[in-house]
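Architecture and fold: a report
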Number of protein chains: 2
Amino acid sequence: MFRARVYVTLKPTVNDPQGLTIRGGLHSLGFESVEDVRAGKYLEITLEGDDKASAEKQVTEMCQKLLANPVIEDFRFELRET
Amino acid sequence: MFRARVYVTLKPTVNDPQGLTIRGGLHSLGFESVEDVRAGKYLEITLEGDDKASAEKQVTEMCQKLLANPVIEDFRFELRET
């Protein structure tokens, strides 16, 4: 069994209204020191697999096909055997 | 300047319809090896601060007050000086 921690983030050039809203909220709460907020997705995926290489290939494909939108998002992940 | 990477996840006992939907989507795409998916939020926060201890305190407060719902969510973060 493998556990993948997947991070999906907007590409740096893409506008991030959700992050801007969170920054505004933090400023309103008195956290004036906040310069920038970027919002992304975090997924924990448990999957069966024979070896790490094939699990890695599977997770890469999942990200490319469903979890991230390659036009506007980047992804990275960590894979650990459990 | 500090960069905080904040991970907000649902508590293990909380139902996660978003994760279940993603798992269903992955199964439909042929990724039958996926056992479980848990969906969370990932935030990158850039903030000014004098020292790491005070930045850490600030980010903890942000999580408690705005970024996570303490009733159903857990949070953790990594802080790095940039």
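See the structure shown above.
Scoring rules and cut-offs
Residues numbered from 1 in each chain as written. Chains lettered and ligands numbered in written order. Predicted model: local features only at pLDDT ≥ 70, side-chain atom pairs only at ≥ 80, totals over all residues. Heavy atoms only, no water. Contact = heavy atoms within 4.5 Å. Buried area = accessible area lost by both parts, 1.4 Å probe. Salt bridge = Lys/Arg side-chain N within 4 Å of Asp/Glu carboxyl O. Polar contact = N/O pair within 3.5 Å; in protein donor to acceptor, adjacent residues only side chain to side chain. Nonpolar A, V, L, I, M, F, W, Y, C, P; charged D, E, K, R; others polar. Axes fitted to C-alpha atoms, helices over the stretch in contact; angles between N-to-C directions. Helix = DSSP H or I, 4+ residues; strand = E, 2+ residues; numbered from the N terminus. Parallel < 35°, antiparallel > 145°, perpendicular 65-115°, else oblique.

Here we take up the interface of chain B and chain A. Contacts between the two partners involve 32 residues from chain B, matched on the other side by 32 residues from chain A. With both sides pooled, the region where chain B packs onto chain A buries about 2,800 Å², and carbon together with sulfur makes up 64% of that total. Of all residues in chain B, F31, S33 and Y42 of chain B give up the largest surface area on contact with chain A, accounting jointly for 20% of the area buried on that side. Between the two partners, chain B and chain A, sit 0 salt bridges. Linking chain B with chain A are 14 residue pairs in polar contact (both at pLDDT 80 or more), by the criterion used here. Residues of the side of chain B that touches chain A, tallied by class, amount to 16 nonpolar, 6 polar and 10 charged.

Right, let's talk about the packing of helix α1 (residues 17-28) of chain A against helix α2 (residues 52-67) of chain B for a bit. Closest axis-to-axis distance for the α1 of chain A/α2 of chain B pair is 11 Å, and the angle between their directions is 105 degrees. By the angle between their axes, α1 of chain A is roughly perpendicular relative to α2 of chain B. Touching I22, G25 and L26 of chain A of α1 of chain A are M62, L66 and L67 of chain B, all from α2 of chain B. Broken down by class, the residue content of the contact of α1 of chain A with α2 of chain B amounts to 5 nonpolar, 1 polar and no charged.

This paragraph deals with the environment of S33 of chain B. Structurally, S33 of chain B can be placed in the loop between α1 (17-28) and β2 (34-47). Separated by 19 residues in sequence, S33 of chain B and K52 of chain B place their C-alpha atoms 42 Å apart. When residues no more than four places from it in sequence are discounted, the contact partners of S33 of chain B are T46, L47, E48 and Q58 of chain A. Polar contacts involving the side chain of S33 of chain B include one to the side chain of Q58 of chain A, which spans 2.8 Å.

Any functional reading would require information beyond the geometric quantities listed.
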